[in-house]
Amino acid sequence: MALSLTVNGEQRSLDVEGDTPLLWVLRDELGLKGTKFGCGVGLCGACTVHLNGQPVRSCSTPVEVAAGGEVTTIEGLAEDGQLHALQKAWIAEGVPQCGYCQSGQIMSAAHLLATNPAPARDDIVAAMTGNLCRCGTYSRIIAAVESVAGSSLAYDASVAGGEN
Amino acid sequence: MPTGYKEETGEWKPDAWLEITTSDEIHFTLARVEMGQGTYTGLTTLIAEELEVDPEAITPRFAPVAPEYRNPLYKLQLTGGSTSISTSWEPLRTAGASARQMLIMAAARVWNVDADKCTARQGRVFHPNGLDSVRYGQLVELASKEVIRGDVALKPASEWKYIGKQRGRLDARAKSTGTAVYGIDVELPGMVYTVVSRPSQHGGRVKAFNESEVRAMRGVLDVFEIERGVAIVADKYWRARKAQSALKVEWDNSDAFSLSTSEVFASYRKAADKDRGKSERSEGDYEGAVKKAGKVFEAEYSQPYLAHSTLEPMNATAWYKGDSIEVWAPTQAPDLGRIAAARVTDLSPSDVTIHTTFLGGGFGRRLTQDFIEEAAAVAYRVKKPVKLIWSREEDTQHDLYRPAMLHRMQASLEADQLTGWHHQIVGPQLLDWYVRNAAPAQYPWAPKFMYDTLGKVGLLAEGIATPKDMSAIEGAIEYPYNVENLDVRHTHTDPGVPVTFWRSVGYSHNGFAVETFMDELAHETGEDPYQFRRKLLKGQPRHLDVLDRAVRMAGWDTPVPEGRGRGIALFKSFGTFVAQVVEAGIENGTIKVYKVACAVDCGQVVNPRIVEDQIEGGIIFGLTAALYGEITFEGGQVQQSNFHDVQLMRQYERPEVTVDIVPSTESPTGVGEPGVPPVIPALGNALFALTGKRQRTLPLKADA
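Residues numbered from 1 in each chain as written. Chains lettered and ligands numbered in written order. Predicted model: local features only at pLDDT ≥ 70, side-chain atom pairs only at ≥ 80, totals over all residues.

**Details of the overall build of chain A**
Reasoning step 1: Looking only at helices and strands, chain A has seven helices and five strands in total.
Reasoning step 2: If you list the helices and strands of chain A from N to C, you get β-β-α-β-β-α-β-α-α-α-α-α.
Reasoning step 3: Projected onto its principal axes, the C-alpha positions of chain A cover 45 × 30 × 25 Å.
Reasoning step 4: By the burial criterion, 59% of the 164 residues in chain A qualify as buried.
Reasoning step 5: Across chain A, the fraction of contacts at a sequence separation of at least 24, relative to all contacts at a separation of at least 6, is 61%. (Helix = DSSP H or I, 4+ residues; strand = E, 2+ residues; numbered from the N terminus. Buried ≥ 20, exposed ≤ 12 C-beta atoms within 10 Å, placed from the backbone. Contact = placed C-beta atoms within 7 Å.)

See the structure below:
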């Protein structure tokens, strides 16, 4: 079926079967490989993207459900050539090990800060519990989110890419 | 690898690792793959330190297959066994120092000054006057003509700028922006996709399948049998998957594995009764100690099959071109990958090029090259670039597992003193499953018809042609406590379940058996588990040091909070000493791990943050096994499939982990695996302290 999506601010027209998961459309039709396949059933969070501002598991979201919507992927998180404050925190904190889950982790954290710029520890843990990390980077993830949460960067994070 | 200066490109390759260009680009060929454990940063730091450049100024790239890049311990190009830093420590620093010395010698010749008076820093050589300097890039052509006579001096530790101090990760940016390329991300022109249906019982064979029905499905390009199952090739991944749901395969399971887990353990017990096993360590007279002892204490431990569950499922991309094949894959052993691709095509290993990518987790799973074998077999038929992706369910059910193991322990106690230790390990050895491609990879010139023979010879000549298989006994034979009479044995029995290396390998199960039994003996003799161990560690200063440190960190002598228990374990693996104290409880019917205090002695530290992260990651990996890890079989079929029944520890369950690294100038040892083994018994011991009930079977239960 023919459908269109706005992906990272750009309108894209596609001709794909409507039941194709958004994940494979992003990766294979649009070449956005930063979003990862982990489980195919929404249990691990590696495929997390934002659809109309909400975090969704793209592996189990048929593209027809997303049709006409606005999708943001890890590639679209930076703005005006500036990395998102969370991406900078991830680098500064040295969060990734194998790194495979981290796009999904960052997208979940970005949604949290967009809706709750100064989350408490419990809010962060709750928001990040749907994202599995086999390497066990969980404590660095908390440290990275907390380094941004509550700071002016968190407010920037909800609207722009952050300053430093 | 050809070395020297190439005028056309302005590149100087002083050795197999470095390449410096006239425009000051520095490339480093990374021969140990990056799967999260930090080689990309750690090994680059070693070479940067001696080359006198910032590690950030170096661009690592993944090594092709070549003899220079073999791991000297295994004579294979393999990343595993927590050996990357220890085997690179001397060679990479020497490579960096040699290149630096040649650059200095070239500059000194230009300036007509004494080379010993020149210095190098930040990618430049400085004149003895301290003012004039010249960039490395300006010197590469001249440096390529210099010859170093004798040994090159390495920097003393006092002059290190990065070793022991470097904290960042060089791959953090790529992995935080979605730009790091994993195997699953490889994209080639005209690429098609394949999925493979495999027998649900290992060893099953294809009898028949509904080819025409599947072939008629949208996007399907081909459907055919390969050695490992039935492959569907389609223009898009999702179309291949949809076609697979219409595929009906009739399997011949007459020779397939058909046991259930309970039957596996029954077979282990039968084997253990019949054969007390091959002696692997014997000291004193254990039987005599038993006769003399007033008390013999016994326990049997059992541990399940475990899956690797790398978050990036198995995958590979292959392109067969008639006289060659290229493979892109997240592999821990590219030279074994070459053998795997040669096996299923009409090509020799020398016709196979393996491009290694970032790995989305390894943990030993990617030492076996079944995914390359499948992709190459499909590519051989379709003659186009083809990407194979396993589903999570396939990844879970067609893994090669950490073997289920049984341990029979006995101890003689004389007046509450431990006088004899007997450990009978029951289960398979991993090289039986691994030599198939490993043996030919050591002899890549051997003709293909010899591959299977080489595998068998490798097993027969164990200890001569191949290293002794330590996979079942490691961690048991290095029993560190001062006990006079020791008897460690292995009853070799293999029920036919595919098994392989799993983060910390044999230490993963021997750690649980040894350190739980030590705890039982402490209880039996009425001693504090820490003091009981401590008294038996005279002459073992590094064991004692980590044990004391962990105990101090955990406040072992302070009262345990209500509803919690503390457990301790000490285990050396891969040359690294680790002690852990776990504080755990039971909340709402589930086990809750509150704190893990961990002391680690891994010799000289290269990157303290990566050491902390590897140890903490190992602890979470071990806790995942202790709390949830279990692959079970019914009638030969794996019962688990995805993350609902292969649970991994999640963010909300994370304990507070503190890691204390012992300052040391000893040679560095590994850190990728040693965090795993002690945390499993330490948690079990904590639960015993809380409930008074001893659990001898994993995973641990809240209601045991």
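**Quick look at the overall build of chain B**
Reasoning step 1: If you tally the helices and strands in chain B, you get 18 helices and 28 strands.
Reasoning step 2: Here the C-alpha atoms of chain B give a radius of gyration of 27 Å, agreeing with the 27 Å that 2.2 N^0.38 yields for 704 residues.
Reasoning step 3: Put simply, chain B has 704 residues, and 55% of those count as buried.
Reasoning step 4: If you take every contact in chain B between residues at least 6 apart in sequence, the share linking residues at least 24 apart comes to 77%. (Rg over C-alpha atoms; globule rule 2.2 N^0.38 Å.)

**What about the interface of chain A and chain B?**
Reasoning step 1: With 42 residues of chain A at the contact, the number on the chain B side is 46 residues.
Reasoning step 2: Broken down by secondary-structure element, the contributors of at least two residues to the side of chain A that touches chain B are helix 1 (22-29), helix 3 (85-93), helix 4 (102-115), helix 5 (121-128) and helix 6 (138-148) of chain A.
Reasoning step 3: Taken together, the residues of the side of chain A that touches chain B break down into 22 nonpolar, 15 polar and five charged. (Nonpolar A, V, L, I, M, F, W, Y, C, P; charged D, E, K, R; others polar.)

**Some details on the domain arrangement of chain A**
Residues and elements named next belong to chain A.
Reasoning step 1: Taken domain by domain, chain A consists of domain 1 (2-76) and domain 2 (85-159).
Reasoning step 2: The C-alpha-based centres of domain 1 and domain 2 are spaced at 21 Å.
Reasoning step 3: Domain 1 puts 12 residues into the contact, and the matching count from domain 2 is 11 residues.
Reasoning step 4: With three residues, strand 3 (residues 48-51) is the largest single contributor of residues to the side of domain 1 that touches domain 2.
Reasoning step 5: Of the residues belonging to the side of domain 1 that touches domain 2, the class tally is six nonpolar, five polar and one charged. (Domains from an automatic or database assignment.)

**Points about the pairing of strand 5 (residues 58-62) of chain B**
It is a general feature of regular strands that their side chains alternate between the two faces of the sheet.
Residue and element names in this part refer to chain B.
Reasoning step 1: On strand 5, burial follows the alternation: Ile58, Pro60 and Phe62 on one face are buried, whereas Thr59 and Arg61 on the facing-out side are not.
Reasoning step 2: Here strand 4 (residues 26-30) runs beside strand 5; their pairing, made up of five bridges, is parallel. Within the sheet, the bridge partner assigned to Leu30 lies in strand 5 and is Phe62.
Reasoning step 3: This β-α-β element, strand 4 to helix 1 (residues 39-51) to strand 5, shows right-handed connectivity. (Pairing = 2+ DSSP bridges. Right-handed = clockwise from strand over helix to strand, strands pointing away.)

**Focus on the sheet that holds strand 11 (residues 220-226) of chain B**
Residue and element names in this part refer to chain B.
Reasoning step 1: An order of 11-12-9-19-16-17-18 is seen for the seven strands of this open sheet, with the pairing classed as mixed. Single-partner strands in this sheet number two, and they are strand 11 and strand 18 (352-356). Taking the axes of each pair of neighbouring strands and ignoring which way they run, one obtains an average angle of 20° across the sheet.
Reasoning step 2: Taken together, the four bridges between strand 16 (residues 315-320) and strand 19 (residues 386-389) define a ladder with antiparallel strand orientation. From the neighbouring strand, Ala318 faces strand 19, where its bridge partner is Val386.
Reasoning step 3: Against the sheet, helix 10 (residues 370-382) contacts strand 9 (192-197), strand 11, strand 12 (229-234), strand 16, strand 17 (325-329) and strand 19, and its axis sits at roughly 30° relative to strand 16. (Axes fitted to C-alpha atoms, helices over the stretch in contact; angles between N-to-C directions.)

**Brief notes about the domain arrangement of chain B**
Residues and elements named next belong to chain B.
Reasoning step 1: Split into domains, chain B comes out as domain 1 (4-176), domain 2 (183-254 + 314-389) and domain 3 (262-304 + 402-430 + 469-691).
Reasoning step 2: If you average the C-alpha positions of domain 2 and of domain 3, the two centres end up 38 Å apart.
Reasoning step 3: Tallying the contact residues gives seven residues for domain 2 and 10 residues for domain 3.
Reasoning step 4: Of the residues in the side of domain 2 that touches domain 3, the class split is two nonpolar, five polar and no charged.

**Let's talk about the sheet that holds strand 1 (residues 2-7) of chain A**
Adjacent strands of a sheet form backbone hydrogen bonds with each other and so pair up, either parallel or antiparallel.
Residue and element names in this part refer to chain A.
Reasoning step 1: Here five strands make up an open sheet; going across it, the order is 2-1-5-3-4 and the pairing mixed. Lying at the two open borders of the sheet, with one neighbouring strand each, are strand 2 (10-15) and strand 4 (54-57). If you compare each strand with its neighbour and ignore which way they point, the axes differ by 40° on average.
Reasoning step 2: Note that strand 1 and strand 2 share six bridges and pair antiparallel. Paired with Ala2 across the bridge in strand 2 is Asp15.
Reasoning step 3: Sheet strands touched by helix 4: strand 3 and strand 4. Its angle to strand 3, the strand with the most contacts, is close to 40°.

**As for the pairing of strand 25 (residues 590-601) of chain B**
Residue and element names in this part refer to chain B.
Reasoning step 1: Relative to strand 25, strand 24 (residues 576-587) runs antiparallel, the two sharing 11 bridges. If you follow Glu587 over to strand 25, its bridge partner there is Thr590.
Reasoning step 2: Joining the antiparallel neighbours strand 24 and strand 25 is a turn of two residues, in which Asn588 adopts a positive phi near 50°.
Reasoning step 3: Where strand 25 and strand 28 (residues 656-661) come together, six bridges link them in parallel fashion. If you follow Cys598 over to strand 28, its bridge partner there is Val659.

**Looking at the packing of helix 9 (residues 334-343) of chain B against helix 10 of chain B**
Residues and elements named next belong to chain B.
Reasoning step 1: The interhelical angle for the contact between helix 9 and helix 10, taken along N-to-C directions, is 35°, at an axis separation of 8 Å. As helix 9 packs across helix 10, the resulting crossing turns out to be right-handed. Judged by residue contacts, Gly337, Ala340, Ala341 and Arg343 of helix 9 engage Ile372, Glu373 and Ala376 from helix 10.
Reasoning step 2: A per-class count over the contact of helix 9 with helix 10 returns four nonpolar, one polar and two charged. (Left-handed = near helix turned anticlockwise from the far one by under 90°.)

**A look at helix 4 of chain A**
The periodicity of an α-helix, 3.6 residues per turn, causes residues three or four positions apart to be oriented the same way.
Residue and element names in this part refer to chain A.
Reasoning step 1: The first and last C-alpha atoms of helix 4 sit 20 Å apart over 14 residues, in line with the 20 Å expected at 1.5 Å per residue.
Reasoning step 2: For helix 4, the buried fraction is high: 12 of the 14 residues fall into the buried class.
Reasoning step 3: For helix 4, every residue scored as buried is listed here: Gln102, Ser103, Gly104, Gln105, Ile106, Met107, Ser108, Ala109, Ala110, His111, Leu112 and Leu113. (Expected span 1.5 Å × (residues − 1).)

**Overview of the nonpolar core**
For soluble globular proteins, nonpolar side chains are generally found buried alongside one another.
All names here are of chain B.
Reasoning step 1: Leu103, Ala318, Val327, Ala375, Ala376, Cys598 and Leu683 are the most contacted members of the largest nonpolar core, which totals 251 residues.
Reasoning step 2: The greatest single-element share of this core, amounting to 11 residues, is contributed by helix 2 (residues 84-111).
Reasoning step 3: Here Val327 is in contact with Ala316, Ala318, Gly337, Ala341, Val352, Thr353, Ile354, His355, Ile372, Ala375 and Ala376, once residues within four sequence places are set aside. (Core = buried A, V, L, I, M, F, W, Y, C linked by C-beta atoms within 7 Å.)

**Side note on the confidence of the model for chain A**
Reasoning step 1: Put simply, chain A has an average pLDDT of 92, and 91% of its residues get 70 or more.
Reasoning step 2: For residues 154-164 of chain A, every residue scores under 50 in pLDDT, and the model assigns this stretch 35 contacts once sequence neighbours within four places are set aside. (pLDDT = per-residue confidence, 0-100.)

**Points about unusual backbone geometry**
Residues and elements named next belong to chain B.
Reasoning step 1: Cis rather than trans, the peptide bond between Leu698 and Pro699 has omega equal to -5°.
Reasoning step 2: With respect to the helices and strands, Pro699 occurs in the segment after helix 18 (676-691).
Reasoning step 3: Its identity is not glycine, yet Glu52 carries a phi of approximately 65°, on the positive side.
Reasoning step 4: Residue placement: Glu52 occurs in the loop between helix 1 and strand 5.
Reasoning step 5: Its 23 C-beta neighbours within 10 Å are what place Glu52 among the buried residues.

**Some details on the packing of helix 4 of chain A against helix 5 of chain A**
Residue and element names in this part refer to chain A.
Reasoning step 1: One way to put it is that helix 4 packs onto helix 5 with a least axis distance of 9 Å and a crossing angle of 135°. Relative to helix 5, the element helix 4 is oriented oblique. In this structure, helix 4 meets helix 5 at a crossing whose hand is right-handed. Here Gln105, Ser108, Ala109 and Leu112 of helix 4 lie close against helix 5, whose contacting residues are Asp123, Ile124, Ala127 and Met128.
Reasoning step 2: When the residues that make up the contact of helix 4 with helix 5 are grouped by side-chain class, the tally is five nonpolar, two polar and one charged. (Parallel < 35°, antiparallel > 145°, perpendicular 65-115°, else oblique.)

**What to know about the environment of Ala404 of chain B**
All names here are of chain B.
Reasoning step 1: Relative to the assigned elements, Ala404 resides in the loop between helix 11 (392-397) and strand 20 (405-414).
Reasoning step 2: With 26 C-beta atoms packed within 10 Å, Ala404 lands in the buried category.
Reasoning step 3: Measuring from C-alpha to C-alpha, the distance between Ala404 and Glu634 comes to 14 Å, with 230 residues separating the pair along the chain.
Reasoning step 4: Not counting residues up to four positions away in its chain, the partners in contact with Ala404 are Val264, Phe265, Gln303, Pro304, Tyr305 and Gly427.

**Description of the confidence of the model for chain B**
Reasoning step 1: Averaged over all residues, the pLDDT of chain B equals 96, while 98% of them reach at least 70.
Reasoning step 2: Both scores are available for the predicted complex, with the pTM at 0.96 and the ipTM at 0.97.

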